[in-house]
Amino acid sequence: MSTVSNKSFEVNLQGEVPYKDYTAFEERIRGLCGDDTEKEQFSYKEYVYNFDAQSPQGVPNYEVRARHVIYGSCTFTGAAVEATSKAGQKWELRYIGKWERKKPTDQTGRAAQSVAYRSQVAVSASDNVRTFLSTLGFRHSFRYMRSGTRWNFPNGIMVEATRMKPLEKDEQDDFPLENMQVDALLVEVSALTTDDKIEEVAQKIRRLAIDLDPYFIERPVEGKEVSHHTAILAGEMRNMKKQKVRR
């Protein structure tokens, strides 16, 4: 029987690296951990669903995501379901909580400030997961595609540098994001942890972000609400008309 991880919180610091500095950014990561860091290319589509009514657990308007992993590693815990029809491609079902931040009185020091966290659970799913969600009454909100490079550090921290594109229809999933010109790549420095280790992990992430300076540029968190993915998606939508595609 597969053991399910109890690390149900994601601590995440988001920012970007200018495209012109990406090679130097990669060299900095390699210099920090050398051959001990696992590196891989990945690509996935993510379908975001919301349930407008109150859940059976009393949580209103909660969100789940169906992730279609085109290539690269999966992030779910527990056993995997049967293989899908396309070799090498898998599906995940992900529960995503609201972004939160520790109040100033809860923070252990400057290193933990402004590092957002959220609850999350990811499990393996079959390729009919989208039909399953629609049958249960979930409303499809939007979809997007992300591709890029992922580094897994020995201490559990993960760094992802990606391109991201909102999708209007499924036919767009064959579009190679590597050919999309961008001024900067989205960078996420994150780790999974338990609720009692959030501050400790936040400090480790903050220290790594400092080590990646000046190539990593943190996105400022403004206001009380932390809604990284919503802001990023909106930004990508605004920039779609400005982006040129290499044919």
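Not measured: the values here are computed from a predicted model.

*Asks:* Which parts of the structure should I look at to understand unusual backbone geometry?
*Replies:* Keep in mind that most residues, glycine aside, have a negative phi and that most peptide bonds are trans. Residue Pro 214 follows Asp 213 across a cis peptide bond; omega there is 10°. Along the chain, Pro 214 falls in the loop between helix H3 (198-211) and strand S9 (217-218).

*Asks:* Where do I start with the pairing of strand S2 (residues 38-50) in this structure?
*Replies:* Taken residue by residue, a regular strand's side chains alternate between the two faces of the sheet. A large share of S2 lies buried, amounting to 10 of its 13 residues. Pairing geometry for S2 and strand S6 (residues 139-152), over 13 bridges, is antiparallel. Note on S6: the bridge partner recorded for Gln 41 is Thr 149. Note: S2 against strand S3 (residues 63-71), 8 bridges, orientation antiparallel. Directly across from Tyr 49, in S3, lies its bridge partner Val 64.

*Asks:* I'm lost on helix H1 (residues 22-33) in this one. Help?
*Replies:* An α-helical turn contains 3.6 residues, so a residue and the one three or four places further along point in the same direction. Given a rise of 1.5 Å per residue, 12 residues ought to cover 16 Å, and the 17 Å separating the end C-alpha atoms of H1 matches this to within 8%. Of all the residues in H1, the buried ones are Tyr 22, Phe 25, Glu 26 and Ile 29. Each buried residue of H1 sits inside an arc of 100° when the element is viewed along its axis, so together they form one side. Exposed positions of H1 whose direction lies more than 90 degrees from the buried face are Thr 23 and Gly 31. Those residues of H1 that are buried lie in contact with strand S1 (9-18), S2, S6, strand S7 (158-167) and strand S8 (184-193). Looking one or two places after H1, you find Gly 34, whose phi comes out positive at around 60°.

*Asks:* Which parts of the structure should I look at to understand H3?
*Replies:* Here H3 is 14 residues long and its end C-alpha atoms lie 20 Å apart, about the 20 Å a rise of 1.5 Å per residue gives. Of all the positions in H3, only Ile 198, Glu 199, Val 201, Ala 202, Ile 205, Arg 206, Leu 208 and Ala 209 are classed as buried.

*Asks:* Mind showing me how you'd approach the pattern of salt bridges here?
*Replies:* Side chains that carry opposite charge are capable of pairing whenever their charged atoms lie near each other. Tallying each qualifying case throughout the model produces 14 salt bridges. Residue Glu 26 is joined to Lys 39 by a salt bridge in which the shortest nitrogen-to-oxygen separation is 2.9 Å. With Glu 26 in helix H1 and Lys 39 in strand S2, this pair connects stretches of sequence that are 13 residues apart. Here Glu 200 and Lys 204 are joined by a salt bridge, their closest N and O atoms 3.7 Å apart. With a gap of 4 residues between them, Glu 200 and Lys 204 both fall in helix H3, about one helical turn apart.

*Asks:* Teacher, can you tell me more about the pairing of S1 here?
*Replies:* Buried residues dominate S1, accounting for 9 of its 10 residues. Of the pairings in the sheet, the one linking S1 to strand S5 (residues 116-125) comprises 4 bridges and is antiparallel in character. Residue pairing for S5: Glu 10 is matched across the bridge by Arg 118. Alignment of S1 against S8, held across 10 bridges, turns out to be antiparallel. Along S8, the bridge assignment pairs Val 11 with Ala 191.

*Asks:* Would you explain the nonpolar core in this entry?
*Replies:* Here is a general trend for soluble globular proteins: nonpolar side chains tend to be buried in one another's company. If you look at the biggest cluster of nonpolar residues, it comprises 28 residues, and the most contacted ones within it are Phe 25 and Val 159. Taken together, the elements giving at least two residues each to this core come down to S1, H1, S7, S8 and H3. Looking at which element gives the most residues to this core, the answer is H3, with 6 residues. Those residues in contact with Phe 25, other than ones at most four positions away along the chain, are Val 17, Trp 151, Val 159, Ala 161, Val 187, Leu 212, Tyr 215 and Phe 216. One finds Tyr 62, Ala 66, Ala 125 and Val 129 within the second-largest nonpolar core, a separate group that totals 11 residues.

*Asks:* Just checking my understanding: could you explain the packing of aromatic side chains for this structure?
*Replies:* One pair of aromatic rings is described through two measures. These are the centre distance and the angle between the planes. Scanning all chains against the criterion turns up 7 aromatic pairs. Each member of the aromatic cluster is reached from another via a ring pair, and the members are Tyr 22, Phe 25 and Trp 151. Positioned above the aromatic ring of Tyr 44 is the side chain of Arg 67, whose terminal nitrogen or guanidinium carbon lies 3.8 Å from the ring centre. Cation over ring: Arg 130 sits above Tyr 47, and NZ or CZ is 3.8 Å from the ring centre.

Definitions and cut-offs
- Just so you know, the residues in each chain are numbered from 1, in the order the chain's sequence is written.
- Totals for whole chains, interfaces and linings use every residue, but because this is a predicted model, local features are given only for residues with pLDDT of at least 70 and side-chain atom pairs only at 80 or more, for both listing and counting.
- Side-chain metrics rest on all non-hydrogen atoms present in the structure, leaving aside hydrogens and water.
- Where helices and strands are cited, they refer to DSSP runs of H or I of at least four residues and of E of at least two residues respectively, numbered from the N terminus.
- Accessible area is worked out with a 1.4 Å probe on protein chains only. A residue is then buried under 20% of its type maximum, exposed over 50%, and partly exposed in between.
- If DSSP finds at least two bridges between two strands, the strands pair.
- By definition here, a helix of n residues has an expected span of 1.5 Å times n minus one.
- In this description, one arc is meant: the one made by directions from the helix axis to the C-beta atoms.
- The contact criterion used throughout is that any non-hydrogen atoms of two residues lie within 4.5 Å.
- Note on definitions: salt bridges are taken to be side-chain nitrogens of Lys or Arg within 4 Å of carboxyl oxygens of Asp or Glu.
- Buried Ala, Val, Leu, Ile, Met, Phe, Trp, Tyr and Cys residues that are joined via side-chain atoms within 4.5 Å together make up what is termed a nonpolar core.
- Any two of the Phe, Tyr and Trp rings considered here, Trp counted by its six-membered ring, make a pair once their centres fall within 6.5 Å; the pair's planes then place it as stacked at under 30 degrees, edge-to-face at over 60, or tilted in between.
- When the NZ atom of lysine or the CZ atom of arginine is within 6 Å of a ring's centre and also within 35 degrees of its normal, the charge is said to sit over that ring.

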